[in-house]
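# A closer look at the structure
Listed here are the chains, written in short residue letters.
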Amino acid sequence: MRLEGKVALVTGSSQGIGQGIVVRLAQEGADVVINYRSHPEGAEETLAKVQATGGRCYMAQRSKSQGYTIQADLGNVNEIRQLIAESIAYFGKLDILVNNAGLEKHAPFWEVTEADYDAIMNVNLKGVFFTTQAFVQHLIATQRSGKIINISSVHEELSFPNFTAYCASKGGMKMLTRNLAVELGSFGITINNVAPGAIETPINIKLLNDPQKLSALLRNIPLGRLGQPQDVASLVAFLASSDAGYVTGSTFFVDGGLLWNYQEQ
Ligand code: NAD
């Protein structure tokens, strides 16, 4: 129980990797805020999973539920600030922030629209920037340390034709993390990136339904399988814990070896 007594916010946690992270942090004893944009039923599913796992051990001793769901669009700074304030109002504090919400859109570079560029950047980079800022303001105001974990991608390093805005957002996240590790170190706040390879989630639905592309991708993965949300969540749990107390400013890849063996098909 590495996270007993800690409160975590996981953005975009109504499905996929975010949902896996919420469940794992709850299993480690944390109280968790589940954020969703447009799928309350997904957030409810995440909450039910939290209650099914952590609930057995902890719910009886707690006056409040171990999980709490909040609707907020992470592309909107006002909604971000409300999300942080509401999380603190409900659980009394925040200790851990996982910036997981993200999106990608396929298009050749010369066809990318301003609207699609803005949608990607607003959530993947601007949203991360201002969510982190609001979290850090809370930590500084309450004179407490904290942990920030950004869900980046192998594409903070690796090119991905037809996804240039996505790659730019994750590359920006890499430098955001390095810069904040330096700027926030004296407050005892750590920040790290977890960079998944190919994980079996709804974001990859087209790929999962294309047997030819899928088998070509699998040939590029030395461990021979797609990752699962739990593969990402276990590393997040470590980085959120005091076991990672001396770890900051780094990117950790969870990709089955993909990064060193990838060829675009
Ligand atoms: P997903 O599409 O299943 O989940 C993304 C989540 O982000 C969803 O819950 C969605 O509602 C949320 N989201 C999107 N826009 C939002 C907004 N404006 N406000 C609030 N929430 C919003 O995808 P996933 O695979 O679970 O992705 C999670 C993170 O992992 C993303 O940052 C993604 O870039 C990253 N990632 C995924 C993979 C992969 O192969 N699945 C690989 C590398 C990185």
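Located above this text is the structure these notes cover.
To start, this report covers the structure provided alongside it. (Residues numbered from 1 in each chain as written. Predicted model: local features only at pLDDT ≥ 70, side-chain atom pairs only at ≥ 80, totals over all residues. Heavy atoms only, no water.)

### Brief notes about the nonpolar core
Quick reminder of the rule: Definition used in this section: a nonpolar core is a set of buried Ala, Val, Leu, Ile, Met, Phe, Trp, Tyr and Cys residues joined via side-chain atoms within 4.5 Å. Residue burial is assigned from relative accessible area. The probe radius is 1.4 Å, only protein chains are included, and a residue is buried under 20% of its type maximum, exposed over 50%, and partly exposed in between. Contact definition: two residues touch when any of their heavy atoms are within 4.5 Å.
In this structure, I21, L25, V194 and V236 are the most contacted members of the largest nonpolar core, which totals 31 residues. Look past the residues within four positions of V236 in its chain and what remains in contact with it is I21, L25, V98, I149, I151 and V194. Residues L74, I84, F135 and V136 belong to the second largest nonpolar core, which totals 28 residues.

### A look at the site of the ligand
Basically, it comes down to this: Put simply, a residue is near a molecule or strand once any heavy atom of it comes within 4 Å of that molecule or strand. Contacts described as polar in this section are N or O atom pairs within 3.5 Å, which, within protein, must combine one atom able to donate a hydrogen with one able to accept it, while residues neighboring in sequence count only if both atoms come from side chains. All accessible areas in this document rest on Shrake-Rupley with a 1.4 Å probe, and a residue is counted as covered only by the protein chains that are shown. Residues are sorted three ways: Asp, Glu, Lys and Arg are charged, Ala, Val, Leu, Ile, Met, Phe, Trp, Tyr, Cys and Pro are nonpolar, and all the rest, Gly among them, are polar.
Residues in close proximity to the ligand total 28 residues, the closest being Q15, D73, N100, Y166 and T201. The separation between an oxygen atom of the ligand and a polar side-chain atom of Y166 is 2.7 Å. Contact with the protein chains covers 94% of the free accessible surface of the ligand, which is 820 Å². Broken down by class, the residue content of the shell around the ligand amounts to twelve nonpolar, 13 polar and three charged.

### Structural notes on the packing of aromatic side chains
Condition: When the centres of two rings from Phe, Tyr and Trp lie within 6.5 Å, Trp using its six-membered ring, the rings pair. Their planes under 30 degrees apart give stacked, over 60 give edge-to-face, and anything left gives tilted.
As enumerated under the stated definition, the model contains four aromatic pairs in all. Centre to centre, the rings of F129 and F130 are 4.9 Å apart; their planes meet at 55°, and the pair counts as tilted. Ring centres of F160 and F163 lie 4.1 Å apart, and the angle between their planes is 15°; this geometry places the pair in the stacked category. Judged by its relative accessible area of 17%, F160 falls in the buried class. We classify F163 as buried; its relative accessible area is 10%. Feature note: the residues Y68, Y90 and F91 constitute an aromatic cluster, connected by ring pairs.

### Here's the deal with the pattern of salt bridges
As a reminder, the rule being used: By definition, a salt bridge exists where a carboxyl oxygen of Asp or Glu is found within 4 Å of a side-chain nitrogen of Lys or Arg. A run of DSSP states H or I qualifies as a helix once it reaches four residues; a run of E qualifies as a strand once it reaches two. Both are numbered from the N-terminal end.
Here the structure, examined in full by the defined rule, presents eight salt bridges. D95 serves as the salt-bridge partner of K93, at 3.0 Å between the closest nitrogen and oxygen. Taking the shortest distance from any N to any O, the salt bridge between D95 and R144 comes out at 2.7 Å. On the criterion of sequence distance, the pair formed by D95 in the loop between helix 4 (77-91) and strand 4 (96-99) and R144 in the loop between helix 5 (114-141) and strand 5 (146-151) is long-range, its members being 49 residues apart. Since its relative accessible area comes to 6%, D95 is described here as buried. The exposure class assigned to R144 is partly exposed, which follows from its relative accessible area of 23%.

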